[in-house]
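# Structural characterization, general
Chain by chain, the residues run as shown.
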Amino acid sequence: MTKKVCIVGFAVTTRKQVPWDEDYEFWGCNEGYVQDFPKIDRWFQIHPYISFSRADNMNDPKHFEWLMQEHD
């Protein structure tokens, strides 16, 4: 069982600090999937529905559709 979790954001200032090794389970949030991360095990949306479902979402206008899909 994995005992380490790395919560991965997508800020340019910290993105390169992620310890990409197999000892961790990687958790991503919000529209972070638009980045080219090697691996994310779980996704979380932490903002209110009204915020992330907007058609003018600057990170990904189809984010709500992406959330509704099944991901591996």
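Residues numbered from 1 in each chain as written. Predicted model: local features only at pLDDT ≥ 70, side-chain atom pairs only at ≥ 80, totals over all residues. Heavy atoms only, no water.

## Description of the sheet that holds strand β2 (residues 24-29)
Read across the open sheet, the three strands follow the order β1-β2-β3; overall the sheet is parallel. A single partner strand is all that each edge strand has here, and the edge strands are β1 (4-8) and β3 (42-44). Each adjacent strand pair in this sheet contributes to an overall mean axis angle of 25°, direction not counted. (Pairing = 2+ DSSP bridges. Helix = DSSP H or I, 4+ residues; strand = E, 2+ residues; numbered from the N terminus. Axes fitted to C-alpha atoms, helices over the stretch in contact; angles between N-to-C directions.)

## With respect to the environment of V18
Take V18: it is sitting in the loop between β1 and β2. Given the relative accessible area of 13%, V18 is considered buried. With 19 residues separating them in the primary sequence, V18 and F37 have C-alpha atoms 9.8 Å apart. Setting aside chain neighbours within four positions, we find V18 in contact with C6, V8 and F26. (Buried < 20%, exposed > 50% of the residue type's maximum accessible area, 1.4 Å probe, protein only. Contact = heavy atoms within 4.5 Å.)

## Quick notes on the side chain of D60
Its location among the elements puts D60 in the loop between α1 (49-52) and α2 (63-68). Of the side chains with opposite charge, K62 comes closest to the buried, unpaired D60, at an N-O distance of 7.5 Å. In this structure the side chain of D60 is engaged in a polar contact, spanning 2.9 Å, whose partner is the backbone nitrogen of K62. Not counting the four nearest positions on each side in its chain, D60 is found in contact with E31, Y33 and V34. (Lys, Arg positive; Asp, Glu negative; His and termini not counted. Salt bridge = Lys/Arg side-chain N within 4 Å of Asp/Glu carboxyl O. Polar contact = N/O pair within 3.5 Å; in protein donor to acceptor, adjacent residues only side chain to side chain.)

## A look at the pattern of salt bridges
Between side chains of opposite charge, a pair can form as their charged atoms come close. What the rule picks out here adds up to three salt bridges. The shortest N-O distance in the salt bridge between D41 and K39 comes to 3.5 Å. For D41, a relative accessible area of 35% corresponds to the partly exposed category. In this structure K39 comes out as partly exposed when scored by relative accessible area, which is 38%.

## Some points on unusual backbone geometry
Even without a glycine there, the phi angle at N30 is positive, about 55°. By secondary structure assignment, the location of N30 is in the loop between β2 and β3. Judged by relative accessible area, N30 falls into the buried class, the value being 8%.

## Quick look at the confidence of the model for the protein
The share of residues in the protein with pLDDT of 70 or more is 96%, and the mean pLDDT across the chain is 85. Of all secondary-structure elements in the protein, the lowest mean pLDDT belongs to α1, at 83, while β1 reaches the highest, 93. (pLDDT = per-residue confidence, 0-100.)

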